[in-house]
Amino acid sequence: PHARGRRRLRCIEEFREINCGDFDGTPPTDALWEHHDQILRAWREGDHGVRFPGGEDYHTLLERVRVGLAQAVAGRDGQNIVIVAHGGIVTASLKDVCRDLDHSVIRASPNRNCAITEIDLHAHEAESWGVLKRWASWVRLASASAAGSVSSQMLAGRRCVPCTRLFQSRHSMR
């Protein structure tokens, strides 16, 4: 803790958005989005070797997430940890971070901009896994929007709005 109860923020590069390679900086078209969505669909269906042109495949993304989670929880047994991460990386990796994930929960609710996902994260030796507690909740954000503190564009889930999500996990060692 720092003065007046503030905590130091730390940037963990591993939680950056999916590396879409050659797609980054390219003007968006329907064909580009379709190609993007085909890659994400392939990952969801288990074809993890599919790679964004000039970017990463799912194996690389998942390893990056695991390294980031290890950094975030190191020395913080039993503490609540808030991770602000991009929604694409959270959504894509959730099925492997939370082994017993009910995929119908993910399909039923879109992961909107600034939505809150809560995971109980557990670690034993070199392995970590999570239990999904809350997925893509934005009810509090809708209340904040009505009060004028969150823009309605952020809640619209539009692709042109930067997608930052709040990813909270409670870490416990076994």
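Located above this text is the structure these notes cover.
Residues numbered from 1 in each chain as written. Predicted model: local features only at pLDDT ≥ 70, side-chain atom pairs only at ≥ 80, totals over all residues. Heavy atoms only, no water.

## Overview of the nonpolar core
And then number 1: If you look at the biggest cluster of nonpolar residues, it comprises 33 residues, and the most contacted ones within it are Ile 18, Trp 43, Phe 52, Leu 61, Leu 69, Ile 83 and Leu 94.
And then number 2: Among residues more than four places away in sequence, those in contact with Ile 18 are Leu 40, Trp 43, Phe 52, Glu 56, Leu 61, Arg 64, Gly 88, Ile 89 and Ala 92. (Core = buried A, V, L, I, M, F, W, Y, C linked by side-chain atoms within 4.5 Å. Buried < 20%, exposed > 50% of the residue type's maximum accessible area, 1.4 Å probe, protein only. Contact = heavy atoms within 4.5 Å.)

## Some thoughts on helix α3 (residues 87-97)
And then number 1: Extensive coverage of α3 is indicated by the burial of 8 of its 11 residues.
And then number 2: Of the positions making up α3, those classed as buried are Gly 87, Ile 89, Val 90, Ala 92, Ser 93, Leu 94, Lys 95 and Val 97. (Helix = DSSP H or I, 4+ residues; strand = E, 2+ residues; numbered from the N terminus.)

## A closer look at helix α1 (residues 30-44)
Owing to its 3.6 residues per turn, the α-helix brings residues three or four apart onto one side.
And then number 1: With 15 residues, α1 extends 21 Å between its outermost C-alpha atoms, agreeing within 8% with the 21 Å of an ideal straight helix rising 1.5 Å per residue.
And then number 2: For α1, the complete set of buried residues consists of Leu 32, His 36, Asp 37, Ile 39, Leu 40, Ala 42 and Trp 43.
And then number 3: The first or second residue beyond α1 is Gly 46, which carries a positive phi of 100°. (Expected span 1.5 Å × (residues − 1).)

## Notes on the packing of aromatic side chains
And then number 1: Evaluated as defined, the whole model comprises 3 aromatic pairs.
And then number 2: Ring centres of Phe 23 and Phe 52 lie 5.6 Å apart, and the angle between their planes is 85°; this geometry places the pair in the edge-to-face category. With Phe 23 in the segment before α1 and Phe 52 in the loop between α1 and α2 (58-73), this residue pair connects regions lying 29 residues apart in the sequence. This pair shows no difference in class: Phe 23 is buried, exactly as Phe 52 is.
And then number 3: A connected cluster of aromatic rings, assembled from ring pairs, spans Phe 23, Trp 43, Phe 52 and Tyr 58.
And then number 4: Over the ring of Tyr 58 we find Lys 95, and its NZ or CZ is 4.6 Å from the ring centre. (Phe/Tyr/Trp six-rings, centres within 6.5 Å; stacked < 30°, edge-to-face > 60°. Lys NZ or Arg CZ within 6 Å of the ring centre and 35° of its normal.)

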